[in-house]
Amino acid sequence: MRFRHPDGSTVHLAYCTNVHAAEDLDGVMAQLGEHAEPVRRRLHRDRLGIGLWLAHDAVRRLTADPSAVRALRAELDRRGLEVVTLNGFPYRGFGAQRVKYRVYRPDWTEPERLEHTTRLARLLTSLLPEDAAEGTVSTLPLAWRDGFTPERREAALTALGVLAVRLDVLEEMTGRSVRVGLEPEPGCTVETTADALEVLTGADGPPAHRIGVCVDTCHLATQFEDPARALDALTEAGVPVVKSQLSAALHAQQPAADGVPAALGEFDEPRFLHQTRALTAAGVRGTDDLGQALRNGALPGDVPWRSHFHVPLHAPPEPPLTSTLDVLEASLKRLVGGPVPLTRHLEVETYTWQALPQGLRPRTRSQLADGIAAELGVAREMLTRLGLKELP
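Residues numbered from 1 in each chain as written. Predicted model: local features only at pLDDT ≥ 70, side-chain atom pairs only at ≥ 80, totals over all residues. Heavy atoms only, no water.

Help me out: how do you make sense of the overall build of the protein in this one?
Helix and strand content of the protein: 12 helices and 15 strands. Taking 2.2 N^0.38 as the reference for a compact globule, 392 residues should give roughly 21 Å; the C-alpha atoms of the protein span a radius of gyration of 20 Å, in line with that estimate. For the C-alpha atoms alone, the extent of the protein along its principal axes is close to 60 × 50 × 45 Å. The buried share of the protein, taken over its 392 residues, is 59%. Carbon and sulfur atoms provide 50% of the accessible area of the protein, an area that totals close to 15300 Å². Charged side chains of the protein number 44 positive and 52 negative; the gap between the two group centres comes to 4 Å. (Helix = DSSP H or I, 4+ residues; strand = E, 2+ residues; numbered from the N terminus. Rg over C-alpha atoms; globule rule 2.2 N^0.38 Å. Buried < 20%, exposed > 50% of the residue type's maximum accessible area, 1.4 Å probe, protein only. Areas by Shrake-Rupley, 256 points an atom, 1.4 Å probe, with all protein chains shown as cover. Lys, Arg positive; Asp, Glu negative; His and termini not counted. Charge placed at Lys NZ, Arg CZ, Asp CG, Glu CD.)

Teacher, can you tell me more about the pairing of strand 6 (residues 177–182) here?
Where a strand is regular, its side chains alternate between the two sheet faces. Across the six residues of strand 6, six count as buried, placing the element largely inside the fold. By the alternation rule, side chains of strand 6 split into S177, R179 and G181 and V178, V180 and L182, which are all buried. Bridge count between strand 5 (residues 134–139) and strand 6: six bridges; the pairing is parallel. Residue pairing across strands places E134 opposite S177, the latter belonging to strand 6. Viewed along the sheet, the connection from strand 5 through helix 5 (residues 150–174) into strand 6 turns out right-handed. With three bridges joining them, strand 6 and strand 7 (residues 211–216) adopt parallel strand pairing. Paired with G181 across the strands is G212, a residue of strand 7. (Pairing = 2+ DSSP bridges. Right-handed = clockwise from strand over helix to strand, strands pointing away.)

Help me understand the pattern of salt bridges, please; the structure alone is not making it clear to me.
Two side chains with opposite charge may pair up if their charged atoms get near one another. Scanning all chains against the criterion turns up 32 salt bridges. When the shortest N-O distance is used, the salt bridge between R210 and D168 registers 2.7 Å. On the criterion of sequence distance, the pair formed by R210 in the loop between helix 6 (193–200) and strand 7 and D168 in helix 5 is long-range, its members being 42 residues apart. (Salt bridge = Lys/Arg side-chain N within 4 Å of Asp/Glu carboxyl O.)

Help me understand the sheet that holds strand 12 (residues 305–311), please; the structure alone is not making it clear to me.
Strand-to-strand pairing in sheets goes through backbone hydrogen bonds, with the strands running parallel or antiparallel. The five strands are arranged 11-10-12-9-13 in an open sheet whose pairing can be described as antiparallel. Edge strands, defined here as strands with exactly one partner in the open sheet, are strand 11 (283–287) and strand 13 (321–323). When the angles between neighbouring strand axes are averaged without regard to direction, this sheet yields 30°. Here three bridges tie strand 9 (residues 248–252) to strand 13, and the two strands are oriented antiparallel to one another. Each bridged residue has a counterpart across the sheet, and for A252 the counterpart in strand 13 is L321. (Axes fitted to C-alpha atoms, helices over the stretch in contact; angles between N-to-C directions.)

Sorry if this is basic, but what is going on with the side chain of T222 here?
Here T222 is to be found in helix 7 (residues 217–222). Here T222 is in contact with P186, A249, Q275, R277, R306, S307 and H308, once residues within four sequence places are set aside. (Contact = heavy atoms within 4.5 Å.)

Honestly, unusual backbone geometry in this entry has me stumped. Any pointers?
Among all residues except glycine, the phi angle is most often negative; among peptide bonds, the trans geometry is most common. Along the chain, R105 connects to P106 via a cis peptide bond; the corresponding omega equals -10°. Here P319 and P320 are connected by a cis peptide whose omega angle stands at 20°. Positionally, P320 belongs in the loop between strand 12 and strand 13. Of note in this structure, H44 is not a glycine but carries a positive phi near 60°. Residue position: H44 is located in the loop between helix 1 (25–42) and strand 3 (48–52). Accessibility expressed as a relative area gives 69% for H44, which makes it exposed. Unlike most non-glycine residues, F224 shows phi in positive territory, near 60°. Checked against the element boundaries, F224 lands in the loop between helix 7 and helix 8 (227–237).

Sorry, what's going on with the packing of aromatic side chains here?
Remark: the centre distance and the inter-plane angle together describe each pair of aromatic rings, the angle taken between the planes. As enumerated under the stated definition, the model contains eight aromatic pairs in all. Considering the side-chain rings of W53 and F94, the 5.9 Å spacing of their centres and the 65° angle between planes classify their relative orientation as edge-to-face. In this pair, W53 sits in the loop between strand 3 and helix 2 (56–64) while F94 sits in the loop between strand 4 (81–87) and helix 4 (111–127), placing the two residues 41 residues apart along the sequence. Consider the rings of F94 and F272, whose centres lie 5.2 Å apart with planes at 45°: the pair is tilted. Taken together, the residues F94 in the loop between strand 4 and helix 4 and F272 in the loop between helix 9 (260–265) and strand 10 (276–280) connect sequence positions 178 residues apart. F94 sits in the buried class, given a relative accessible area of 6%. What makes F272 buried here is its relative accessible area of 3%. Through successive ring pairs, a cluster of aromatic residues spans W53, F94, F272 and Y351. (Phe/Tyr/Trp six-rings, centres within 6.5 Å; stacked < 30°, edge-to-face > 60°.)

Would you mind showing me how to read the nonpolar core here?
One broad trend across soluble globular proteins is that nonpolar side chains are buried collectively. L13, Y15 and L376 are the most contacted members of the largest nonpolar core, which totals 114 residues. Per element, the largest residue contribution to this core is nine residues, and it comes from helix 12 (residues 365–385). Non-local contacts of Y15, meaning those with residues more than four positions away in its chain, are made with H20, H35, A36, V39, L48, G49, I50, G51, E347, V348, I372 and L376. Core analysis: the next-biggest nonpolar cluster, separate from the first, contains six residues, C218, L220, A230 and A249 among them. (Core = buried A, V, L, I, M, F, W, Y, C linked by side-chain atoms within 4.5 Å.)

Help me understand the state of the cysteines, please; the structure alone is not making it clear to me.
Where two cysteines share a covalent bond between their sulfur atoms, that bond is called a disulfide. According to the stated counting rule, one finds zero disulfides in the structure shown. For C16, which is in no disulfide, the shortest distance to another cysteine sulfur is to C214 and amounts to 9.4 Å. The exposure class assigned to C16 is buried, which follows from its relative accessible area of 2%. (Disulfide = S-S within 2.5 Å.)

What is shown is where atoms sit, not what they do.
Following this line, the structure appears as structure tokens:
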């Protein structure tokens, strides 16, 4: 979906396909017809943006076979779909029954991450619509925090510097510009926008014209960051918001109250990591997973909790829980509500549909398409309220 910002520029809104389990190219091609096109039809649009997730196996095949790239581009066109952004965070196995910490490997200290991201950027130049100004790729924020030594930090930043050079060369060769955004996430070496500022503005940081930040509003909320303060700090420091993932976290205002631990326990599931944070007078405290927070008083129960569980935008949980949709709305106001948008690539990223409590999960493809379309409808309403005009 495309929107005209009051400054005349085009803002793209997509949904991220990492909600679908396909990891090889045949599966990716199939999901365009089975999932993405039905979402487009429900929104009554001739064209729908998707934030394409391409796992390692699909990328390897596309890289080796130019005809496969042409076939993918043709299938996108045939289904009324367009791609301006890729989700490069999960490398493989995101559809597995147990993902947890595996999603952070390989990290930016390992050569596989640099090569994978380089390939994604090259592929994106072949998938971009002819009138798209640029493409973007989101990626993990260097690494998970454990064992991240100064030597590993140096290796990661060196790799990002190499990537920036490769992106410069890619633009010279193709005429298409691609930028990459580190996506701060709780528990990682870069878990807040302040961490991103420290990494990206240091003397050894990568060049800002190629490497910036992907702001995930669920992660922002989970860390109890104030959207206005966080985004203003990025702007003042000259760190670009390459893209933003529109998502909402799970929120419990009174986590120790009657019925609340049981309600939270419904969201404690074995597939994904749900980092959980509590806002205390001394600062933010946290655990790596929701189950850990619920056991043995790991977090204080008299202050609000937020958990990294992407809650569908149109369907917050029943009381006593809620979502951080208000943080998303405040973030969007700063991102695209000003005289000039801070980013032009927005992506609804609720990948947790099949991890929701049983009664909330879609049981059919049709129900999943209904839910994704409803989420995009919520995002569309927020954008139009900010003065953006939806384009045909």
